[in-house]
Amino acid sequence: QRLVGAEEEPDEQTIESALRPKALGDFVGQPRVRQQLSLVLEASKLRGRSADHILLSGPPGLGKTTLAMIVAEEMGAPLRISSGPAIQHSGDLAAILSSLTPGEVLFLDEIHRMSRPAEEMLYMAMEDFRVDIVVGKGAGATSIPLELPPFTLVAATTRAGLLPGPLRDRFGFTGHLEFYDVAELELVLRRSAGLLDLPISTEGFTEIASRSRGTPRIANRLLRRVRDWALVHDVGHIDARSCAAALDMYEVDARGLDRLDRSVLEALVHKFGGGPVGLSTLAIAVGEETETVETVAEPYLVREGLIGRTPRGRIALPAAWDHLGLAAPEG
Ligand code: ADP
């Protein structure tokens, strides 16, 4: 289990949901998305109609699910949660859509992984609030139109580029979530530490924030590791040294890179001489799925200026050699 991976350990899910902001005002950072979303919601409340469909994109752990929950909360509407991989047949989607109540918010995570037939059914549902249910097979098949109540689709994807144009075009609002800066992560951590009743110094928050890979989910997770460490070491007031000691133990380095990030850098530098190398070859070299490397490790490494994308593949930038304690080759 990766400490800073995309998935949540089940026993920690309760804490995670307790730390989730419930209102747009408590949602830290992402000022542009927050402002735009607030306008969309306000306008639809004034019109007395359900909000336009919303697409949220960005790497895991940046707050897409949280925003979907906030949309439902702000609209005073119930929330239904499902995901692309859970919808393999158009019938799965028809069952969900036909049981929605008027105004309900439907959250579909990982929408880029939905099957093609379901996707086509979704086009019509989003645009006209109806679906055609096909009954029977072959020449005797007939389609029965079914009216749906108005609903708001909030879809999330880690790879907006993979969505077909016709699907992207049906969202009234698209918000792209960016990695958070250290100051924003400090705010996330302060809020969480308050809820968990943890006494941490200002420098302690900075230490955790700068190791959180720009990601609130990771910030909260590292905070819980620091909490465990302080408990075991019987530390009353948690300072930067304690935070650093706790996080070093979990192999999260000073730049926030974890084992996967470092093995991507090491493979790139040691096995491929700094590249360029194709993404799938790189993924095989570190024993991970291509999608994991592409959506979990790469965006942050690119943002940190450690690796670069070129038409011929991924390359290690001078900062990568530097981070590994090596001298970058000339040129
Ligand atoms: P995603 O759906 O993008 O993978 P989530 O919405 O599940 O991410 O967010 C992961 C966790 O990070 C949430 O439990 C929440 O506590 C925290 N979080 C995310 N964004 C914010 C934010 N802007 N402010 C405060 N906490 C946040």
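Within each chain, residues carry numbers counting from 1 in the order of the written sequence. Predicted model: local features are reported for residues with pLDDT of at least 70 only, side-chain atom pairs are reported and counted for 80 or more only, and whole-chain, interface and lining totals are derived from all residues.

A. Examining the environment of valine 182 more closely. Among the structural elements, valine 182 can be located in helix H7 (residues 182-196). Linking valine 182 and glycine 194, residues 12 residues apart in sequence, is a C-alpha distance of 18 Å. Here contacts are defined at the residue level, using C-beta atoms placed from the backbone and a cut-off of 7 Å between them. Those residues in contact with valine 182 that lie beyond four places of it in its chain are Thr206, Ala209 and Ser210. By definition, any uninterrupted DSSP run of H or I lasting at least four residues is a helix, any uninterrupted run of E lasting at least two residues is a strand, and each is numbered from the N terminus.

B. Structural context of the pairing of strand S8 (residues 307-310). Inspection of the sheet shows S8 paired to strand S9 (residues 313-316) by 4 bridges, in the antiparallel sense. Bridge pairing in S9 links arginine 309 to arginine 314. Where S8 folds back onto S9 in an antiparallel hairpin, the turn is made up of 2 residues. A pair of strands counts as paired when DSSP detects no fewer than two bridges linking them.

C. Up close: the UniProt feature "binding site: Mg(2+)" (unreviewed entry) in the protein. UniProt positions are given in the numbering used here, feature names are shortened, and annotations may be inferred rather than shown by experiment. The UniProt entry lists Thr65 under the feature "binding site: Mg(2+)" (unreviewed entry), expressed in the numbering used here. If you trace the backbone, threonine 65 turns up in helix H3 (residues 64-75). Sequence-distant contacts of threonine 65, defined by excluding residues within four places in its chain, comprise Asp109 and Ala156.

D. Inspection of the pairing of strand S6 (residues 152-157) at higher detail. In terms of residue burial, S6 counts as a mostly covered element, since 6 of its 6 residues are buried. Here a residue counts as buried when 20 or more other C-beta atoms sit within 10 Å of its C-beta, as exposed when there are 12 or fewer, and as partly exposed otherwise, the C-beta atoms being derived from the backbone. Residues Thr152, Val154 and Ala156 of S6 are buried on one face, and the alternating residues Leu153, Ala155 and Thr157, pointing to the opposite face, are buried as well. Judged from the 4 bridges that link them, strand S1 (residues 54-57) and S6 form a sheet pairing that is parallel. Following the sheet pairing, isoleucine 54 is matched in S6 by valine 154. Sheet topology places strand S3 (residues 105-109) next to S6; 4 bridges connect them, and they run parallel. Its bridge partner being in S6, phenylalanine 107 is matched across the sheet by valine 154.

E. The arrangement of the packing of helix H8 (residues 202-210) against helix H10 (residues 240-249) in detail. The geometry of H8 relative to H10 is characterised by a closest axis approach of 7 Å and an angle of 25 degrees between their N-to-C directions. When the axes of H8 and H10 are compared, the pair comes out roughly parallel. Contact residues: H8 offers Glu203, Gly204, Thr206, Glu207 and Ile208, while H10 offers Ala240, Ser242, Cys243 and Ala244. Residues of the contact of H8 with H10, tallied by class, amount to 4 nonpolar, 3 polar and 2 charged. Where helices are involved, their axes are fitted lines through C-alpha atoms of the stretch in contact, as for all axes, and angles between N-to-C directions lie from 0 to 180°. An angle counts as roughly parallel when it lies under 35 degrees, as roughly antiparallel when it exceeds 145, as roughly perpendicular when it falls between 65 and 115, and as oblique in every other case. Nonpolar residues are Ala, Val, Leu, Ile, Met, Phe, Trp, Tyr, Cys and Pro. Charged residues are Asp, Glu, Lys and Arg, and all others, Gly as well, are polar.

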